[in-house]
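Here is how the chains run, residue by residue.
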Amino acid sequence: MCRWLAYSGSPVLLEELLYVPANSLVTQSRHSRLGVETTNGDGFGIGWYATAPAPGLFLSTEPAWNDRNLRELSAQTTAEVVFAHVRASTGSAVQQTNCHPFRHGRRLWMHNGLITAFPLVRRELSLVVDPSLYAEIEGSTDSEILFYLALTFGLEHDPPTAVARTAGFVEAIGRNRGVAHPLQMTVATTDGETTWAFRYSSERRSRSLFHSTDITTLRQQYPDNPTLHGLSPETRLVVSEPLGDLHGAWREVPESTCVVARGGAEELLPFGPLR
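Here is what the cut-offs are and how they apply
- Residues numbered from 1 in each chain as written.
- Predicted model: local features only at pLDDT ≥ 70, side-chain atom pairs only at ≥ 80, totals over all residues.
- Heavy atoms only, no water.
- Buried < 20%, exposed > 50% of the residue type's maximum accessible area, 1.4 Å probe, protein only.
- Helix = DSSP H or I, 4+ residues; strand = E, 2+ residues; numbered from the N terminus.
- Arc of directions from axis to C-beta.
- Contact = heavy atoms within 4.5 Å.
- Salt bridge = Lys/Arg side-chain N within 4 Å of Asp/Glu carboxyl O.
- Pairing = 2+ DSSP bridges.
- Axes fitted to C-alpha atoms, helices over the stretch in contact; angles between N-to-C directions.

**Comments concerning helix 4 (residues 118–126)**
- Turning to helix 4, its buried residues are F118, V121, L125 and S126. For helix 4, the angular spread of buried residues about the axis comes to 135 degrees, placing them on one side. Across helix 4 from its buried face, at more than 90 degrees, point the exposed residues P119 and R123.
- In this fold, the buried residues of helix 4 make contact with strand 6 (107–115), helix 5 (131–134), helix 6 (142–152) and helix 7 (159–176).

**Thoughts on the pattern of salt bridges**
- Under the definition given, this model contains 8 salt bridges.
- One salt bridge connects E252 with R199, and the closest N-O pair in it is separated by 3.3 Å. With E252 in strand 11 (residues 250–252) and R199 in strand 8 (residues 194–201), this residue pair connects regions lying 53 residues apart in the sequence.
- Residue class for E252 comes out partly exposed when judged on its relative accessible area of 47%.
- The residue D214 makes a salt bridge to R236 at a minimum N-O spacing of 3.7 Å. Of the two residues, D214 is situated in the loop between strand 9 (210–212) and helix 8 (215–221) and R236 in strand 10 (residues 236–239); the sequence distance between them amounts to 22 residues.
- Residue classification places D214 among the partly exposed positions, given a relative accessible area of 30%.
- By sharing partners, the salt bridges in this structure join E171, R175 and R275 into a single network.

**Description of the sheet that holds strand 2 (residues 44–48)**
- An order of 3-2-4-1-10-9-11 is seen for the 7 strands of this open sheet, with the pairing classed as antiparallel. The open sheet has two edge strands with one neighbour each: strand 3 (56–60) and strand 11. When strand polarity is set aside, the average angle formed by the axes of neighbouring strands in this sheet is 15 degrees.
- Relative to strand 10, strand 9 is paired through 2 bridges, and the arrangement is antiparallel. Directly across from F210, in strand 10, lies its bridge partner V239.
- Strand contacts of helix 3 (residues 68–76): strand 1 (2–13), strand 2, strand 3 and strand 4 (78–87), with the helix running at about 20 degrees to strand 2, the strand carrying the most contacts.

Below you can see the structure in the form of structure tokens.
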């Protein structure tokens, strides 16, 4: 599948997220510990919020570990909100338009998982996308279709409800086609101020997802760790797998849960499909 991270907090150099940690996202692109595939080399993408109205995007079909431009960019770019994703294709082409995160206006979206039997249900799913949005679909992935379905169902106004309606719709179409477990997803989306992350699958055996614990508590546990003292108390991370082995730094997101992070506050809410 894929690996991703969603960061919000004090300004951070991208390389501090992508390269420095012991189990950084670039390391995961070659040696994932908890992913379905060990290697996630079918491209990567970064989205970040700076001074422009819309977030910046850098997408590449290169493996993350082999891209010199990523190394250069990440050493020079600082941001308070960062989405990053390394891709392992489930069958769609390796091309820039299939790399995550996907962008619409100020919103970013990234996904790990799949719509089972996607070629079988793709047409029915696509026809429900709002006509005003349909022309923006550039790639051929199930992940991008999920994004535009969620936008159609109100993502910009109520993300938890929109994603729940998307999950319910995908499951209904899949099961009508005889698919036992139509959806597998860990999804993150943000508008640059709030981040929502979802862990859900039709079989209730979702891909791995973790969130960081409170930085203030970690500082008390590890007073001599300089990395922790460089981060603001508002710092939050949601990741496919922990970036390091610091005891107590990571908690697994429970099955069928939505994580909401904004302004240093974090809330875990129950999540399930709406039909």
